[in-house]
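Letter by letter, the chains look like this.
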Amino acid sequence: MLRSAPSAPGVRRPAIGRRLRTAAALLWLAAGLPQAWAAAPAPVAAAPRPPLILAPTIVGMEVCDDVASDPTVTDFEAAAARCRQLGRTGARAVRELLDTLEPGGPAGDVQVGFTATLQLLGLYRRTPRGWEIDPALVDSYLRLITEVQRPVVVYLAANHFDAVGPLTRELSKDPRNLMLLPDGRAPEVDYFGHRVVPYTLLTDPDIPVNRYRFEALRYVARRLQALPAAVQDRIVAVTLAGEVHQFFPDFENGMGDHRAQKTTDYSAASVEGFRRYLERRDGSLAALNERLGARFASFAQIQAPRRDARADPQVPVLEHYDAAAAGTLAVAGWLWDPRGRIDGLDLYLDARYMGPVPRELHRLDVYRALEAVDTPNVGFRIDLDYRALPPGRHRAQIVARSGPARYRVFEVPFTVLPRDRAAALPTRRPPGVFGMADAGTLEGLLAHIDMPVPHTEPAVLFNPLARDWNDYRAEQVAGWLKAFHAIARDAGLPASKLYSHQILPAVNSSWNPQLFAVEATLERSAPWKHGINLYGGATQNAWVQRFLAERGIQEYGIPEFHPQQWKRDGVALSALQFQRASGARFISPYFFSVIPARLKKNTGQGIDRMELSPGNPQDGSDRFYRALIEFARQ
């Protein structure tokens, strides 16, 4: 079995007392506790906190010195293949890079290691017997993590980005392997020029893509457990699969689509699974009909919601589906308050106070677009539950508090449609809170409403089956990751080292979390340790901290991390310190490259903006590079 260790062994440690004092001080700062509490002695039985591991993602580790200096090799893939033939890796280049970040090897409260990515579907080659795992590819991977004697995060990739190699092109042609949109097509997507395949979330091991993914996971698990004990002990985490979620059109840019919501999975097997889900949930067809107000004669009659019934009376209400069909209307925008005058935002509905509006959410788009805005954490969003409202017009208002004063930020009129869309609607003017000054009168304050679209009055129609469909889709995401995790455990990988590698859409106020359906993978009850990818303002964000606290997530990893900020000094270092104080076990900065310059194909756009080096000012990558060196001194 891959050895489970409470902390990275084989590394130098400072005195336990100093480590405890440092950790305690940071925790007081993060929690904002009173001075008297901070002065209280720590519990005697408190366990020493293990070092935080900085494990950057590094691309190009397959290229060895011999081939890197060979001018006759002009292609990266060819260079990697030639190095495998020679039985060599890019370990020297990796060691030199890591020694630049932390000279002298891993030591102290923060230690530098690396993340080693292995694409599971990319391990296969075609043979006369069919598709088989190429041992040479796994040999090269294991040789690298053996030769680089630093802590390592093993990333076993098996999601939609696992699209390299000849097998993946064959798999992408078989609809059984894919998630489908409502029109029966698979989403045609890529991501900044990288090929993406929307593999199914069904867990049936007989589905070809699952058979290959699960077989590769078991094979690699066996090989990891056969490594020398010292190498196994350096493995601080194994992150599973990568970001797992549902899909939607225009994957690169469409994550904020609320107006024409289309998502997966409408494959025949998935829709049949939805029917079984409803039968399991309600217990009987009679109970389902009573809950929905329906007259289904059998579960086979139930269709997964997929059409907009607001304007077409021929579409049954129980087939209605859009971003608000599940019973909530997203009210979201951004507010920039450089003088800190706003104490909070509140939601009023028809002049009734409904509660605070979450703010300081991530809006990197606003940060990029407006020079004056020096933090991405300017978003606000609340999903207004309209299910209990009577049909007719209503008024939602966002109100800012500034001491005793109240200011109008935005108001959003909307109409709740009756189930019988032909019924006449009341013509009354919805009540509101009036007599407030506009927030725009406060000097320096900027604000904008994104959802609903300004100068529109959306009509919303609740379909309880749409809510069920979204719940089922979230269960699909969690179910596939649970299956993958269970195979990893059964194959002998220790639970103490198994982390998810998940996305957190809700921290982005302009995104549509329904498109991803990842909620169930982020619950405290999940069998894995949580790995959550953080970019931009999410790297230091009070909303994220509350999110983790509400779910009781105390030890977590960050498999991908980049602050993407350049307007204020010290932001990247502060974000690293924030995560350390909040309990992160490892952070994987994204990304470094050791690809020889002549083999690189940088475009200067998209992902290339985040390459960490002292000469890349894009997205603050040079600042983040320097912050990593300073942080690693601790």
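Up top you'll find the structure we're talking about.
To keep things clear, this report deals only with the structure shown in the data block. (Residues numbered from 1 in each chain as written. Predicted model: local features only at pLDDT ≥ 70, side-chain atom pairs only at ≥ 80, totals over all residues. Heavy atoms only, no water.)

### A closer look at the sheet that holds strand S4 (residues 114–119)
So the rule is basically this: Pairs of strands are assigned from DSSP output, requiring at least two bridges between the strands. Every helix listed is a DSSP run of H or I at least four residues long, and every strand listed is a run of E at least two residues long, numbered separately from the N terminus.
Pairing is parallel across the open sheet formed by 4 strands, whose spatial order is S4-S7-S10-S21. Every interior strand has two partners, whereas the edge strands, S4 and strand S21 (498–499), have only one. As judged from the 6 bridges shared by strand S7 (residues 152–157) and strand S10 (residues 235–241), these two strands associate in the parallel manner. Pairing of Tyr155 across the sheet is with Thr239, part of S10.

### Section: the packing of helix H8 (residues 208–225) against helix H13 (residues 464–490)
Rules: Every axis corresponds to a line fitted to the C-alpha atoms, with the helix fit spanning only the stretch in contact, and the corresponding angles, defined between N-to-C directions, vary from 0 to 180 degrees. Should the near helix be turned anticlockwise from the far one by less than a right angle, the crossing is left-handed, and should it be turned clockwise, the crossing is right-handed. For this analysis, residues touch if any pair of their heavy atoms sits within 4.5 Å. Side-chain classes follow a simple rule in which Ala, Val, Leu, Ile, Met, Phe, Trp, Tyr, Cys and Pro form the nonpolar group, Asp, Glu, Lys and Arg form the charged group, and the remainder, Gly included, forms the polar group.
Running from N to C, H8 and H13 cross one another at 35°; their axes reach a closest spacing of 9 Å. With respect to the hand of their crossing, H8 and H13 are arranged in right-handed fashion. Contacts from Asn210, Arg213, Phe214, Leu217 and Arg218 in H8 reach Trp480, Phe484, Ile487 and Ala488 in H13. Of the residues belonging to the contact of H8 with H13, the class tally is 6 nonpolar, 1 polar and 2 charged.

### Regarding H13
Quick note on the threshold: Residue count minus one, scaled by 1.5 Å, sets the expected span of a helix. Note on exposure labels: buried denotes an accessible area under 20% of the residue type's maximum, exposed denotes more than 50%, and partly exposed covers the range between, all computed with a 1.4 Å probe on protein chains only. What qualifies as a polar contact is a pair of N or O atoms within 3.5 Å, subject to a donor-acceptor requirement within protein and to the restriction that residues adjacent in sequence count only when both atoms come from side chains.
Taking 1.5 Å of rise per residue, the 27 residues of H13 would be expected to cover 39 Å, and the 38 Å separating its terminal C-alpha atoms lies within 8% of that figure. In terms of residue burial, H13 counts as a mostly covered element, since 19 of its 27 residues are buried. For H13, the capping residue at the N-terminal end is Asn463, with a side-chain oxygen 2.9 Å from the backbone nitrogen of Leu465. Downstream of H13 by one or two residues, Gly492 has phi in the positive range, about 105°.

### Here we look at the state of the cysteines
In plain terms, the rule: Cysteine sulfur pairs qualify as disulfides if the two atoms are within 2.5 Å.
Tallied over the full model, the rule gives 1 disulfide. Across a sulfur-sulfur distance of 2.2 Å, Cys64 and Cys83 are joined as a disulfide pair. Around the S-S axis, the bridge from Cys64 to Cys83 shows a dihedral of about -90° and counts as left-handed. Taken as a pair, Cys64 in the loop between strand S2 (58–59) and helix H3 (65–68) and Cys83 in helix H4 (residues 76–86) lie far apart in primary sequence, 19 residues in all. Judged on exposure class, the residue Cys64 and its partner Cys83 are both buried.

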